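# What the coordinates show
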Amino acid sequence: MKKMATLTTFSALMLLSSFQGAAAADTVLQVSTWAGPNHGVNTIVWPTWGKWVEEATDGRVSVNVTHDLGPPNAQMELVADGVADVTWLFHGLMPGRFELTKLPEFPTFEDFSSENASVAYWRTHQEYLSDAGEHRGVEVLGLGVHGPGALFLAEPIESLDDLQGRRARIGGGVMADISSALSLTGVALPPGGTYEAATQGVIDGAMLTLEGLKSFRLAEVLPYTVQMPGGFYRGSFSLVINPDTWQSLSEQDRNAIMDVSGEKLSRLFGFMMDTVDVRGVEFAKEEGNTFIELPAEEVENFMQLAANLPSDWFEVATAKDVDGEAARAFFLEQLQVVAGDDEGLSADDVVDPDA
């Protein structure tokens, strides 16, 4: 019996050792993330994509998320330099580097989901934008578009003229162009710094998507929300991986990961943004916030202010050997195509602890 127990113990130790060896042989993708732990990208996107990656590679590749490796505008460099393997980028925080990424950000004055926009954006990127090389130094795994950009204020307004000279947090991209058109005094801040700036009176408002009311707690300090049909703007994101890390994976695993990335990961990002926007509005209403609906003539005024933004961008695109008019037409067409398909995600398809 003692001998049997010894053999059993030895066998168990050998089995444990083999498991540990297998685990050590797995590739762990280190993900750098810059939003707070309760942001949807951290509660929904990374856990879901990580699950997809592990399943697709039969456990050979897993994902580990690390917070606070660097500020949002340093993420591209962190991944390009190999400090992290994977991250997500907000293109507007890197002015001068990303210009073609403004394509999905222009106001359209039409309602569409972030999920549909993100899929349309991925298709447009693959068709028109990728060869321009704005993501040089990293490999693109997916793209995303956030929901309708809003204006959060400490004090209410009755017209757009009331905004002149008010200090508002901006990030970049089309958001910065819109801020200038509205005669706001733009204050460049990452989303995470907005709450403190509002609390200290450094800013009078902020341009962000509706999810920021909850994820960045802005409903607590900026109780008035001004919206525009379809949003004042949208925001462009990408999810990227270090090219050396990518090449170090076997062709089998690269193919498996792309099967759950690309359009599928883009759709996931958009689904997340739609979900957290709803939660942001719900949170703001619980806080007693006021949602200001501007009269039709003010919407018309804003349409005129924003009218030249796409044509200005066409010139930038041409300088990068991209047919901007064709790309934008394709993007708007794909919005309609995606809206008519049956590929949408549901709550059952994702990891979401708050569902």
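Above this text is the structure in question.
Keep in mind it's a predicted model, so treat the numbers as computed, not measured.

Okay, the packing of aromatic side chains next. Here the structure, examined in full by the defined rule, presents eleven aromatic pairs. Arranged with centres 5.9 Å apart and planes meeting at 65 degrees, the rings of Trp46 and Trp49 form a pair that is edge-to-face. Remark: Trp49 and Trp46 occur in helix α2 (residues 40-56); sequence separation between them is three residues, near one turn of the helix. For the residue pair Trp46 and Trp49, the accessibility class agrees, reading buried in each case. Their ring planes at 20 degrees and their centres at 5.8 Å tell us that Trp88 and Phe237 sit as a pair that is stacked. Here Phe237 lies in strand β10 (residues 236-241) and Trp88 lies in strand β3 (residues 86-90), a separation of 149 residues in the sequence. Side by side, Trp88 and Phe237 carry an identical accessibility label, which is buried. The rings of Trp34, Trp88, Phe90, Phe237 and Phe269 are connected pair by pair, giving a single aromatic cluster. Its end group placed over the ring of Tyr195, Arg217 keeps NZ or CZ at 4.2 Å from the ring centre. In this structure, Arg234 is placed above the aromatic ring of Phe112, and the distance from its NZ or CZ to the ring centre is 4.1 Å.

Another aspect to go through is the pattern of salt bridges. The full count for this structure, using the stated rule, is twelve salt bridges. The shortest N-O distance in the salt bridge between Glu99 and Lys102 comes to 3.5 Å. Residue Glu99 shares its accessibility class with Lys102, and that shared class is buried. The partner of Asp204 in a salt bridge is Arg167, with the nearest N and O atoms 3.0 Å apart. Linking Asp204 in the loop between α6 (194-199) and β8 (205-209) with Arg167 in strand β6 (residues 167-170), this pair joins segments that are 37 residues apart in sequence. Classification of Asp204 by relative accessible area gives partly exposed; the value is 24%. Arg167 gets classed as partly exposed once you look at its relative accessible area, which sits at 32%.

Another point: empty space enclosed by the protein. For the structure on display, the rule yields two cavities of 30 Å³ or more. Empty space within the largest cavity amounts to approximately 170 Å³. Lining of the largest cavity is provided by 17 residues; of these, His146, Pro191, Leu208, Glu211 and Phe237 occupy positions nearest its centre. Roughly 40 Å³ of internal volume is contained in the second largest cavity. Every residue along the wall of the second largest cavity is listed here: Leu103, Pro104, Glu105, Phe106, Thr108, Arg328, Phe331 and Leu332.

A word on the nonpolar core. Ranked by size, the top nonpolar core spans 83 residues in total, and within it Trp49, Ile178, Met207 and Phe232 carry the most contacts. In contact with Ile178, not counting residues within four places along its chain, are Pro107, Met207, Phe232, Tyr233, Phe302, Ala306 and Leu309. With 18 residues, the next largest nonpolar core counts Ala150, Ala197, Val221 and Ala284 among its residues.

It is worth spelling out the side chain of His146 at this point. For His146, the position within the fold is in the loop between β4 (139-145) and β5 (149-153). Contacts of His146, omitting those with residues within four sequence positions, involve Ser114, Thr209, Tyr233, Arg234, Gly235, Phe237 and Met273.

Procedures and definitions
- Residues numbered from 1 in each chain as written.
- Predicted model: local features only at pLDDT ≥ 70, side-chain atom pairs only at ≥ 80, totals over all residues.
- Heavy atoms only, no water.
- Phe/Tyr/Trp six-rings, centres within 6.5 Å; stacked < 30°, edge-to-face > 60°.
- Helix = DSSP H or I, 4+ residues; strand = E, 2+ residues; numbered from the N terminus.
- Buried < 20%, exposed > 50% of the residue type's maximum accessible area, 1.4 Å probe, protein only.
- Lys NZ or Arg CZ within 6 Å of the ring centre and 35° of its normal.
- Salt bridge = Lys/Arg side-chain N within 4 Å of Asp/Glu carboxyl O.
- 1 Å grid on protein atoms, 1.4 Å probe; cavity = no way out; pocket = protein on both sides within 12 Å on 5 of 7 lines; lining within 4 Å.
- Points joined across faces, edges and corners; volume = space filled by probe spheres on them.
- Core = buried A, V, L, I, M, F, W, Y, C linked by side-chain atoms within 4.5 Å.
- Contact = heavy atoms within 4.5 Å.

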